[in-house]
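Below, each chain spelled out in residue letters.
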Amino acid sequence: MPTTTPKPNQQFAPRIARAIVRIWPAQSREWGQAFAAELPAAQTAGTTVTWLIGGLMLLLREWLKHAWRSLGRPVGSTASDASAAFTPRYSRTPRMPLWLMLTLTLCSIAILLHPEVRQVLRNLSYEYSSEPGWNPDQWSSVKRLRKISKSNRDPQLLALLSLLSKNVDEQLALSDEAINKDPSLTWLDYQQSLLPANSSSAQTYLSKERFARLQQWDPNNGVLHLLAAETLAYPPRVEPLDMLIRRKSKTSREKALIDNPQWASAMHAAFTAPNYDSYVLQLVELIRNVSSRFSVQDPEIGLYVLSMRRIVHIDLLRGYADVLTDRAASLEAAGKTNEAIATYSEMLHFAQQISLDGKAPFEQYLAQQIGEEAATRLAPLYDSTGRSEEASLIRFQLEKWKAERDPKILRYVPLHYRWSQWNSLAWSGLIITVAGFAVSLVIPVTFIALFIVVRRRKTPPELRGPADFWASLCADSAPWLSLASSVLLYVTYHPYARICSAFLKEGDTSTGIESFLSAAMVPAILPDDVGFISDPYFHWVGITTALGVLLVFFLWRMILRSKHSV
Amino acid sequence: MGRRLRISPQTLSLLEALLYKPTTWHHGYALSQQTNLASGTLYPILMRLEKLRWLETTWEQPGIGAAAGRPPRHLYRLTSEARAWAREELADAQKRKFWKPALNNA
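A. Just the overall build of chain B, in detail. Scanning chain B from terminus to terminus reveals 5 helices and 3 strands. Listing every helix and strand of chain B by position from the N terminus yields α-β-α-α-β-α-β-α. A buried classification covers 46% of the 106 residues belonging to chain B. Carbon together with sulfur atoms contributes 49% to the accessible area of chain B, which is approximately 5800 Å² in total.

B. Seen up close, a nonpolar patch on the surface. Residues and elements named next belong to chain A. Together, Leu98, Leu102, Leu106, Ile109, Leu113 and Phe447 make up a nonpolar patch on the protein surface, roughly 610 Å² of accessible area in all. Among the elements that make up the nonpolar patch, the one with the highest residue count is helix 5 (residues 98–112) (4 residues). On the secondary structure map, Phe447 appears in helix 22 (residues 419–455).

C. The arrangement of the interface of chain B and chain A in detail. Chain B puts 29 residues into the contact, and the matching count from chain A is 25 residues. Per-residue buried area on chain B facing chain A is highest for Tyr29, Met47 and Arg48 of chain B; these three make up 30% of the total on that side. Our count for the chain B to chain A interface comes out at 1 salt bridge. In this structure, the connection of chain B to chain A is made through 5 residue pairs in polar contact (both at pLDDT 80 or more). A per-element tally of the side of chain B that touches chain A places helix 3 (residues 39–51) of chain B first, with 10 residues. Residue composition of the side of chain B that touches chain A, grouped by class: 15 nonpolar, 8 polar and 6 charged.

D. Seen up close, the confidence of the model for chain B. When pLDDT is averaged along chain B, the result is 84; 91% of the residues meet or exceed 70. Between the elements of chain B, mean pLDDT differs from a low of 78, seen in helix 4 (residues 62–67) of chain B, to a high of 93, seen in strand 3 (residues 74–78) of chain B.

E. Seen up close, the packing of aromatic side chains. A full pass over the atoms with the stated rule returns 19 aromatic pairs over all chains. When the ring of Trp217 of chain A is compared with that of Tyr279 of chain A, the centres are 5.9 Å apart and the planes differ by 45 degrees; the resulting orientation is tilted. On the criterion of sequence distance, the pair formed by Trp217 of chain A in helix 11 (residues 208–217) and Tyr279 of chain A in the loop between helix 15 (261–272) and helix 16 (280–293) is long-range, its members being 62 residues apart. Overall, the relative accessible area of 0% leaves Tyr279 of chain A in the buried class. Here a set of aromatic residues connected by ring pairs shows up, and it is made of Trp31, Phe35 and Trp51 of chain A together with Tyr29, Tyr43 and Tyr76 of chain B.

F. View of the confidence of the model for chain A. Residue and element names in this part refer to chain A. Per-residue confidence for chain A averages 82 on the pLDDT scale, and 84% of its residues sit at or above 70. No element of chain A has a lower mean pLDDT than helix 4 (residues 82–86), at 46, and none a higher one than helix 8 (residues 155–164), at 94. This stretch, residues 82–86, has a pLDDT under 50; its non-local contacts, to residues over four places away or in other chains, come to 5 contacts. Throughout residues 408–413 the model reports pLDDT below 50, and contacts reaching past four residues in sequence, or to other chains, amount to 13 contacts.

G. Up close: unusual backbone geometry. Of note in the backbone geometry, Ser295 of chain A takes a positive phi value of approximately 50 degrees without being a glycine. Residue Ser295 of chain A is classed as partly exposed on the basis of its relative accessible area of 49%. Of note in the backbone geometry, Asn36 of chain B takes a positive phi value of approximately 65 degrees without being a glycine. Among the structural elements, Asn36 of chain B can be located in the loop between helix 2 (28–35) and helix 3.

H. Region of the structure containing the packing of helix 5 of chain A against helix 23 (residues 466–504) of chain A. Residue and element names in this part refer to chain A. Interhelical geometry of helix 5 versus helix 23 gives an angle of 25 degrees and a closest axis separation of 9 Å. Comparing their axes, helix 23 and helix 5 come out roughly parallel. Considering only the axes of helix 5 and helix 23, their crossing is left-handed. On helix 23, the residues that touch Leu100, Met101, Leu104, Thr105, Cys107, Ser108, Ile111 and Leu112 of helix 5 are Ala475, Pro479, Trp480, Ser482, Leu483, Ser486, Val487 and Tyr490.

I. Layout of the pattern of salt bridges. Counting across every chain of the model gives 22 salt bridges over all chains. Salt-bridge contacts for Asp154 of chain A lead to Arg293 of chain A; the nearest nitrogen and oxygen are separated by 2.7 Å. Of this pair, Asp154 of chain A sits in the loop between helix 7 (140–151) and helix 8 while Arg293 of chain A is found in helix 16, placing the two residues 139 residues apart along the sequence. With a relative accessible area of 42%, Arg293 of chain A lands in the partly exposed category. The closest approach of N and O atoms between Glu60 of chain B and Arg70 of chain B, which form a salt bridge, is 2.8 Å. Taken together, the positions of Glu60 of chain B in the loop between strand 2 (55–59) and helix 4 and Arg70 of chain B in the loop between helix 4 and strand 3 put the pair 10 residues apart, joining distant regions of the chain.

J. Main features of the sheet that holds strand 2 of chain B. All names here are of chain B. Spatially, 3 strands are ordered 1-3-2 in an open sheet, and the strand pairing comes out antiparallel. Taken across any chain shown, the strands that pair with only one partner, and hence form the sheet edges, are strand 1 (26–27) and strand 2. Pairing of strand 1 with strand 3, which is carried by 2 bridges, proceeds in the antiparallel orientation. Its bridge partner lying in strand 3, His27 is registered against Leu75. Taken strand by strand, helix 3 contacts strand 2 and strand 3, and its axis lies near 110 degrees from that of strand 2. Against the sheet, helix 5 (residues 80–95) touches strand 2 and strand 3, its axis set at about 60 degrees to strand 3.

K. Just the pairing of strand 3 of chain B, in detail. Residue and element names in this part refer to chain B. With 5 of 5 residues buried, strand 3 lies mostly within the body of the structure. Residues His74, Tyr76 and Leu78 point to one face of strand 3 and Leu75 and Arg77 to the other, with burial holding for every one of them. Alignment of strand 2 against strand 3, held across 5 bridges, turns out to be antiparallel. Counterpart to Thr57 in the pairing with strand 3 is Tyr76.

The rules we used
Residues numbered from 1 in each chain as written. Chains lettered and ligands numbered in written order. Predicted model: local features only at pLDDT ≥ 70, side-chain atom pairs only at ≥ 80, totals over all residues. Heavy atoms only, no water. Helix = DSSP H or I, 4+ residues; strand = E, 2+ residues; numbered from the N terminus. Buried < 20%, exposed > 50% of the residue type's maximum accessible area, 1.4 Å probe, protein only. Areas by Shrake-Rupley, 256 points an atom, 1.4 Å probe, with all protein chains shown as cover. Patch = residues over 30% accessible without salt bridge, like charges linked within 9 Å, V, L, I, M, F, W, Y side chains within 5 Å. Salt bridge = Lys/Arg side-chain N within 4 Å of Asp/Glu carboxyl O. Contact = heavy atoms within 4.5 Å. Buried area = accessible area lost by both parts, 1.4 Å probe. Polar contact = N/O pair within 3.5 Å; in protein donor to acceptor, adjacent residues only side chain to side chain. Nonpolar A, V, L, I, M, F, W, Y, C, P; charged D, E, K, R; others polar. pLDDT = per-residue confidence, 0-100. Phe/Tyr/Trp six-rings, centres within 6.5 Å; stacked < 30°, edge-to-face > 60°. Axes fitted to C-alpha atoms, helices over the stretch in contact; angles between N-to-C directions. Parallel < 35°, antiparallel > 145°, perpendicular 65-115°, else oblique. Left-handed = near helix turned anticlockwise from the far one by under 90°. Pairing = 2+ DSSP bridges.

See the structure below:
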């Protein structure tokens, strides 16, 4: 009897078919066997390969179906479990015991009721729900203070509300009332000396009457003379247009200002005034006082008021210091040593004054710059006139300044603008934002899921639909997610909240303004790479994309169902 | 069969093949040959029909396959309820010119 050698397709095809059947999902393996049993019927190599390819496609399809369905099973249970294998598709019910669900939900609620967490959630809602830019009128803390002010016309409260208002007329009316009741609040006029703060095109300086009142109240303050000089040097609204049309450079403006006796006299008065006070401490005290007395501990208020505070014009100071340096050098060259000494001394005096009383980092930086410039030139002049004791004193001061100077200029950069610090603040901000969004999404989902689960608990498994399936899945997972995001929110924000609350405590001096500003701005900042999430355009794109994906998903399901119906 | 369903031309071809000898058991390869459907298309349709209980399935007697030197085959035929429904569907699809019978000489 002649023996025939089997063809390659007859040799390998059954092995491949057996392998396919072996890895076929258990629930539908019968169909894999059905496919494999037909293989001997394929006579040619071509039909065998085609049949096998079809089998592989079927296998892939079954595996995808299997993987999708396994998502609906509790972790740890296999598809071969009787309960999972023989129950209808949407019959899933929550697996989490009631006591655990209640415990997790109560823990989340307890964390969310913590004042720090409530605070950060409020800040996030201001940041992402209100119109762009700061609008204190929308903040619940400011609304509360306004409500209190209706019955209690406390001057400190009115002063703070005037600083929080965005309406110029209201600001001035409130500060006037506060100053009339308590003249020690007259410094408010300086804070409101260029209004409105948020619109440079509509800004105007303080009225003559208010300015006179301010100068009368604090005649020895150099900052007020600087304000007078600023109104001459930078007339509001005219300046930008003037600059644009005439293309005036800074130097030509300075030259024009030197010839203006009023400006020179105001700057001289500023540089020789006995003190320098931009009223930052008064501002801090006001925030602390109102926060403590009216129990409104909102870091956002402090952040807003301190960030919007009036600061001296740096160009003005730098410009006048340059004018004095040039003048003193000319006098020195002309042999008028005493006049040159007097001019450098004016610079040095101002530098010492600003170094002692200036609160902002840029003021310290400026003081050191002007002071070093003056002291370096002044010491040899004193030596040349035989005033060695004064020269030694100045050299001592110079050395002190040099010793204090950090080789890194970053020392003068506010904490929140330093890159490494900024980066860590920004990442904390991102975690807080993500956790905050998760909390606000997961909490309602938990309640909706529980509502559906409880309401449909008596519905037989065969009548359950996708809503029941998803509700049961959410009821199992949402309490965990809610607890995790609440804890994350609390843990991340807590260190910053402590800094803020220490700063807002009356009488506390351990927390610096810069530390407070850095801590208070954390919920509102994001790393540059993900900064787009705070952009409303990307919110719109995100929501549209998500809805689009959902729509495509449901359409796909509908098409599949109509196709699969037979 | 309760609700009206949209059926693909491939399903109609398969129904036509199953209705050719409605009481006889058919096997997959033969159905594939009759309908020109690849195994990757044919089996999902068979599985859906079976899930909807419009298709009866059984395994061939072991002796029959063994005699021919092959494993027992999986066999299919429409349920008596499904036959009436399938005829309606085929007639309707033909009327709508959605589908043309391939076995019209049967």
